[in-house]
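The lines below spell out each chain.
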Amino acid sequence: MNWFRNLYDWVLSWAQTKYGASFLFILAFTESVFFPIPPDILLIALALGASSKAFKYAFICTIGSVSGAFVGYAIGNYAWLTASGEFSAFANFFFDTIPGFSVGLYESIRSLFIEWDFWVIFTAGFTPIPYKVFTVTAGAFDINLAMFAIASLVSRGARFFLIAWLIWKYGSSIKIFIEKYFNLLALSATVILIGGFVLIKYII
């Protein structure tokens, strides 16, 4: 996994340059389509370097991620399945080359869309599961595009602005907490939110 660590360090190195904000947009954009490193790490580094700009960086990260989500959706909608419903050569290329993108995970997310439709996107953007899997699957399953856009904006914005707020509020003292526990907290929040959907659907 040395290549992954090197890639991680390369991404972080952009926080020390004047192009950090621009690269944050590019990173957030590509992570919604294929890139394996989440934009959170660069967002944290940039916000720690200039906490007064934390919310600006969160905004850039959100817009980049949502913009990339449309590309992921288009890939899923137009290039993911053949006319007979099988995975296309392009889809198999993704499965074979992009870390974290597997047939098993795709099928798991697809089953969630069958059950919950676009509501999955509201929770998807907040989880540690690679967002690209959700964007492509949403396109392949032809989720309503307007609802996809709203859900992506809300979920990704909530994640990135929460990180920005924590850094703005607590500074460098919160960095280790975010790196160690943020995904666990986000996943817990997702479980609670999904539990709310279950309650609404089957009890109320």
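It should be noted that the structure appears before, not after, this text.
Along every chain, residues carry numbers that run from 1 in the direction the sequence is written. In keeping with the predicted nature of the model, local features appear solely for residues at pLDDT of at least 70, side-chain atom pairs appear and are counted solely at 80 or more, and the whole-chain, interface and lining totals rest on all residues. To obtain the side-chain values, all non-hydrogen atoms of the structure were included, while hydrogens and water were left out.

Trainee: How should I be thinking about a nonpolar patch on the surface in this particular structure?
Mentor: On the surface, Phe25, Ile26, Phe55, Phe59, Ile63, Leu153, Phe161, Leu162, Trp165, Trp168 and Tyr170 cluster together into a nonpolar patch covering about 1000 Å² of accessible area. The way it works is that DSSP assigns letters per residue, a run of H or I at least four long becomes a helix, a run of E at least two long becomes a strand, and they are numbered from the N terminus. Secondary-structure elements contributing two or more residues to the nonpolar patch are helix 2 (20-31), helix 4 (54-78) and helix 9 (145-170). Of all the elements, helix 9 adds the most residues to the nonpolar patch, at six residues. By the element assignment, Ile63 lies in helix 4. Only residues above 30% relative accessible area that lack a salt bridge enter a patch, with like-charged residues linked at up to 9 Å and the nonpolar side chains Val, Leu, Ile, Met, Phe, Trp and Tyr linked at up to 5 Å. Values of accessible area rely on a 1.4 Å probe in the Shrake-Rupley scheme; residue burial ignores everything except the protein chains shown. By salt bridge we mean one thing: a side-chain nitrogen of Lys or Arg within 4 Å of a carboxyl oxygen of Asp or Glu.

Trainee: Teacher, can you tell me more about helix 3 (residues 40-49) here?
Mentor: Quick reminder: α-helices carry 3.6 residues per turn. Residues three or four places apart thus point the same way. Here's how the labels work: a residue is buried when its accessible area is under 20% of the maximum for its type, exposed when over 50%, partly exposed in between, all with a 1.4 Å probe on protein chains only. Burial analysis of helix 3 places seven of its ten residues in the buried class, the great majority of the element. Regarding helix 3, the residues found buried are Asp40, Ile41, Leu42, Leu43, Ile44, Leu46 and Ala47.

Trainee: When you look at the packing of helix 6 (residues 103-116) against helix 8 (residues 131-140) in this model, what are you seeing that I'm missing?
Mentor: Axis angle and axis distance: for two packed helices, these are the angle between their axes and the distance between the axes, and together they describe the pair. In this analysis, axes come from line fits to C-alpha atoms, helices being fitted only over the stretch in contact, and the angle between any two N-to-C directions falls in the range 0 to 180 degrees. Between helix 6 and helix 8, the shortest axis-to-axis distance is 10 Å and the interhelical angle comes to 60 degrees. Compared by their axis directions, helix 6 and helix 8 come out oblique. As helix 6 runs across helix 8, the sense of the crossing is right-handed. Between helix 6 and helix 8, the residues in contact are Leu105, Tyr106, Ile109, Arg110 and Phe113 and Val133, Phe134, Thr137, Ala138 and Ala140, respectively. Classification convention: Asp, Glu, Lys, Arg as charged; Ala, Val, Leu, Ile, Met, Phe, Trp, Tyr, Cys, Pro as nonpolar; all other residues, Gly among them, as polar. Among the residues making up the contact of helix 6 with helix 8, the classes are represented as eight nonpolar, one polar and one charged. Every angle not falling under 35 degrees, over 145, or within 65 to 115 is termed oblique; those three ranges are roughly parallel, roughly antiparallel and roughly perpendicular. Helix crossings fall into two classes, left-handed where the near helix is turned counterclockwise from the far one by less than a right angle and right-handed where it is turned clockwise. Any two residues whose heavy atoms approach within 4.5 Å are treated as being in contact.

Trainee: Where do I start with helix 2 in this structure?
Mentor: With twelve residues, helix 2 extends 16 Å from end C-alpha to end C-alpha; this agrees with the ideal 16 Å at 1.5 Å per step. Every buried residue belonging to helix 2 is among Gly20, Phe23, Leu24, Leu27, Ala28, Thr30 and Glu31, and all of these are buried. Seen along its axis, helix 2 keeps its buried residues to an arc of 170 degrees; they face one direction. Contacts made by the buried residues of helix 2 are with helix 1 (2-13), helix 3, helix 4, helix 8 and helix 9. Expected helix span is given by 1.5 Å per residue-to-residue step, counting one fewer step than there are residues. This arc is taken over the directions from the axis of the helix to the C-beta atoms.

Trainee: How do you make sense of the pattern of salt bridges when you look at a structure like this?
Mentor: Pairing between side chains becomes possible if they bear opposite charge and their charged atoms approach one another. By the definition in use, this model includes three salt bridges. Arg156 is the partner of Glu31 in a salt bridge, and the nearest nitrogen-oxygen pair spans 3.1 Å. Taken together, the residues Glu31 in helix 2 and Arg156 in helix 9 connect sequence positions 125 residues apart. No difference in accessibility class separates Glu31 from Arg156, as the two residues are buried. Taking the shortest distance from any N to any O, the salt bridge between Arg159 and Asp40 comes out at 2.7 Å. Of the two residues, Arg159 is situated in helix 9 and Asp40 in helix 3; the sequence distance between them amounts to 119 residues. For Arg159, a relative accessible area of 6% gives the class buried. For Asp40, a relative accessible area of 8% corresponds to the buried category. When salt bridges with common partners are traced through the structure, they connect Glu31, Lys132 and Arg156 into a single cluster.

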